[in-house]
Amino acid sequence: MKTHLDVALQAARRAGSYALGAERNGAISVRMKEANDYVTDVDIQIEQLIKDTIRLSFPHDGIFGEEGGESGNLQSNRWVIDPIDGTTNFFRGMPNYTISIAWEEEPFHPLVGVVFNPRHNELFWAAKGQGAFLNGQKITVSSVRELNQAIVVLVPPHRRRDLADSYFETMNTIFKATSDIRSFGSCALELSYIASGRVDGYYERALGYYDMAAGMIILQEAGGIVTPAFEDAPFSDHSCDILASNGHLHRALSSLIA
Ligand code: IPD
Ligand code: CA
Ligand code: CA
């Protein structure tokens, strides 16, 4: 697992430098994949760069990337990559975007996760059983136990407007029960922020697994909990409704969204 972590860290740092360079150069070209879902030329270049870095050490491993889909031997294990999580922030010049890389032997049970926010030079990582770290310092979730003291990340389903009414209803309920809400525009960053105690909970619908894989193990290793938001809707590669928390608030948040 150590080599997997080292490779993921190296790939994330290289990808982060590339993203910063692209921002400095300007001229990022943006395309809409579908309604409210964007990709830039830099997303695609970074995914290739990460794959090339992985392939140097693990030439045959399975890779599942947001932009490039699946390649390699996916039977034994796989890497799960979101080259830029927070693409809209990236091409609109906002700092909350991340490189997200996970590795797992069993689907939806990540063993290694690296999330890098190059603009803030914040590198989050975790490996199963080894804890979670931010720039080398161990991190843990907050100790907030009362909903009325909690800051919860809520993100309306911008790509699934059909879910908007029910989401806003729940959002209203959670807003009234908690201290405040936030939305940072990168799922991987939001999970890492719960892991480092900056916020306490998170509910979002209709994510891809690549959005959350790395952040999931980082949060779990920091003492938090990540589950499907609804018992009858387990995670799948292209459709995940997520509830994440510092652990203390999981049951309370779960009953608010039920
Ligand atoms: C998006 C971010 C965002 C979430 C969206 C995702 P992308 O990923 O994670 O926080 O709200 O649902 O699609 O498209 O920037 O990789
Ligand atoms: Ca994403
Ligand atoms: Ca992305």
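In this text the structure is predicted, and so the values were computed from the model without any measurement.

*Asks:* Account for the side chain of Asp-43, naming residues and giving values.
*Replies:* As for its placement among the helices and strands, Asp-43 is situated in helix α2 (residues 41-57). Here Asp-43 occupies a buried position and makes no salt bridge, while the nearest side chain of opposite charge, Lys-33, is found at 6.6 Å. A polar atom in the side chain of Asp-43 sits 2.7 Å from the side chain of Thr-87. Sequence-distant contacts of Asp-43, that is, excluding residues within four places in its chain, are made with Glu-67, Pro-83, Ile-84 and Thr-87.

*Asks:* Give me the coordination of the calcium ion (ligand 2): which residues, what numbers.
*Replies:* Taken together, Asp-82 (OD), Asp-85 (OD) and Asp-211 (OD) make up the protein donors of the calcium ion (ligand 2), found 2.0 to 2.2 Å from the metal. For the calcium ion (ligand 2), the donor residues sit on a single chain with the sequence spacing D-x2-D-x125-D. Between the calcium ion (ligand 2) and the calcium ion (ligand 3) the interatomic distance comes to 3.6 Å, and Asp-82 is a ligand of both metals.

*Asks:* An account of the coordination of the calcium ion (ligand 3) is needed here, citing residue identities and associated values.
*Replies:* Only Glu-66 (OE), Asp-82 (OD) and Ile-84 (O) from the protein reach the calcium ion (ligand 3) as donors, at distances of 2.2 to 2.3 Å. Read in sequence order, the donor residues coordinating the calcium ion (ligand 3) give the pattern E-x15-D-x1-I. A relative accessible area of 0% means that Asp-82 is categorised as buried. Look at Ile-84 and you get buried, because its relative accessible area is 1%.

*Asks:* Just give me the short version of the sheet that holds strand β6 (residues 98-104), but keep the residues and values in it.
*Replies:* Taken together, the 8 strands give an open sheet; going across it, the order is β4-β3-β5-β6-β7-β8-β9-β10, and neighbouring strands pair in mixed fashion. Strand pairing shows two members of the sheet lacking a second neighbour, β4 (69-71) and β10 (137-139), which therefore form its edges. On average, each strand axis in the sheet is tilted by 20 degrees relative to the strand beside it, whichever way the strands run. Pairing analysis gives 5 bridges linking strand β3 (residues 61-65) to strand β5 (residues 73-85), with the strands arranged parallel. Among the inter-strand pairings, Gly-65 is bridged to a residue of β5, identified as Ile-81. On top of the sheet, helix α1 (residues 2-25) reaches β3, β5, β6, β7 (110-117) and β8 (122-127); it is set at about 20 degrees to β7, its chief contact. Its contacts with the sheet place helix α6 (residues 209-221) against β3, β5, β6, β7, β8, β9 (132-134) and β10, and it is angled at close to 105 degrees to β7.

*Asks:* Explain the domain arrangement of the chain to me, and be specific about the residues and the numbers.
*Replies:* Taken as a whole, the chain is organised into domain 1 (2-138) and domain 2 (147-257). Centre-to-centre separation of domain 1 and domain 2, based on C-alpha positions: 20 Å. On the side of domain 2, 28 residues touch domain 1, which itself brings 40 residues to the contact. Summed over both sides, the interface of domain 1 with domain 2 buries roughly 2,500 Å², with 60% coming from carbon and sulfur. Between the two partners, domain 1 and domain 2, sit 3 salt bridges. With a shortest N-O distance of 3.0 Å, Arg-78 and Asp-237 are connected by a salt bridge. Scanning the region where domain 1 abuts domain 2 turns up 12 residue pairs in polar contact (both at pLDDT 80 or more). Counting residues per element, the ones that place at least two in the side of domain 1 that touches domain 2 are β5, β6, β7, β8 and β9. Within the side of domain 1 that touches domain 2, the residues separate by chemical class into 18 nonpolar, 13 polar and 9 charged.

*Asks:* Quick rundown of the nonpolar core? Include the residues and the values.
*Replies:* Across soluble globular proteins, nonpolar side chains have a tendency to be buried as a group. Residues Tyr-202, Met-212 and Ile-242 are the most contacted members of the largest nonpolar core, which totals 38 residues. Of all the secondary structure elements, the ones that give two or more residues to this core are β8, β9, β11 (151-155), α5 (187-195), β13 (201-207), α6 and β15 (240-245). Shared between two domains, this core holds at least three residues of each, these being domain 1 (2-138) and domain 2 (147-257). Those residues in contact with Ile-242 that lie beyond four places of it in its chain are Leu-191, Tyr-202, Tyr-203, Glu-204, Leu-207, Met-212, Val-226, Thr-227, Ala-229 and Phe-235.

*Asks:* Explain the site of ligand 1 residue by residue, including any values.
*Replies:* Near ligand 1 lie 15 residues; those nearest to it are Asp-85, Gly-86, Thr-87, Arg-159 and Glu-204. Within the complex, the protein chains bury 93% of what would otherwise be the 380 Å² of accessible surface of ligand 1. Among the secondary structure elements, those contributing two or more residues to the shell around ligand 1 are β5 and β13. Of all the elements, β5 adds the most residues to the shell around ligand 1, at 3 residues. There are two domains that each give the shell around ligand 1 at least three residues, and those are domain 1 (2-138) and domain 2 (147-257).

Definitions and limits used
- Along each chain, the written sequence defines residue order, and numbers are assigned to residues from 1.
- Here every chain gets a letter starting at A, and every ligand a number starting at 1, in the order they are written.
- For this predicted model, a pLDDT threshold of at least 70 governs which residues receive local features, and a threshold of 80 or more governs which side-chain atom pairs are given and counted, while totals over whole chains, interfaces and linings are taken from all residues.
- Hydrogen atoms and water are omitted, and side-chain values are computed over all heavy atoms in the structure.
- Segments assigned H or I by DSSP are reported as helices when at least four residues long, segments assigned E as strands when at least two residues long, and all are numbered from the N terminus.
- Note on classification: 1.4 Å probe, protein chains only; a residue is buried when its accessible area is under 20% of the maximum for its type, exposed when over 50%, partly exposed between these limits.
- The charge count includes Lys and Arg as positive and Asp and Glu as negative, but it does not include His or the ends of the chains.
- Think of a salt bridge as a Lys or Arg side-chain nitrogen and an Asp or Glu carboxyl oxygen that are within 4 Å of each other.
- Within 3.5 Å is the distance limit for a polar contact, defined as a pair of N or O atoms, with the added protein rule that one can donate a hydrogen and the other accept it, and that residues adjacent in sequence qualify only through two side-chain atoms.
- By definition in these notes, contact holds between two residues if any of their heavy atoms fall within 4.5 Å.
- Coordination partners: N, O, S within 2.8 Å of the metal, 3.2 Å for Na, K and Ca; water not considered, so apparent gaps in a site are possible.
- When DSSP finds two or more bridges between a pair of strands, those strands are recorded as paired.
- Where helices are involved, their axes are fitted lines through C-alpha atoms of the stretch in contact, as for all axes, and angles between N-to-C directions lie from 0 to 180°.
- All the domain ranges listed were derived from an automatic or database domain assignment.
- Accessible-area loss on putting two parts together, using a 1.4 Å probe and summing over both, is the definition of buried area adopted here.
- Residues are grouped as follows: Ala, Val, Leu, Ile, Met, Phe, Trp, Tyr, Cys and Pro are nonpolar; Asp, Glu, Lys and Arg are charged; every other residue, Gly included, is polar.
- Among the buried residues, those of types Ala, Val, Leu, Ile, Met, Phe, Trp, Tyr and Cys that are joined through side-chain atoms within 4.5 Å form a nonpolar core.
- A cutoff of 4 Å decides nearness: a residue is near a molecule or strand if any of its heavy atoms lies inside that distance of it.
- For the accessible areas, the method is Shrake-Rupley and the probe is 1.4 Å, while residue cover comes only from the protein chains on display.

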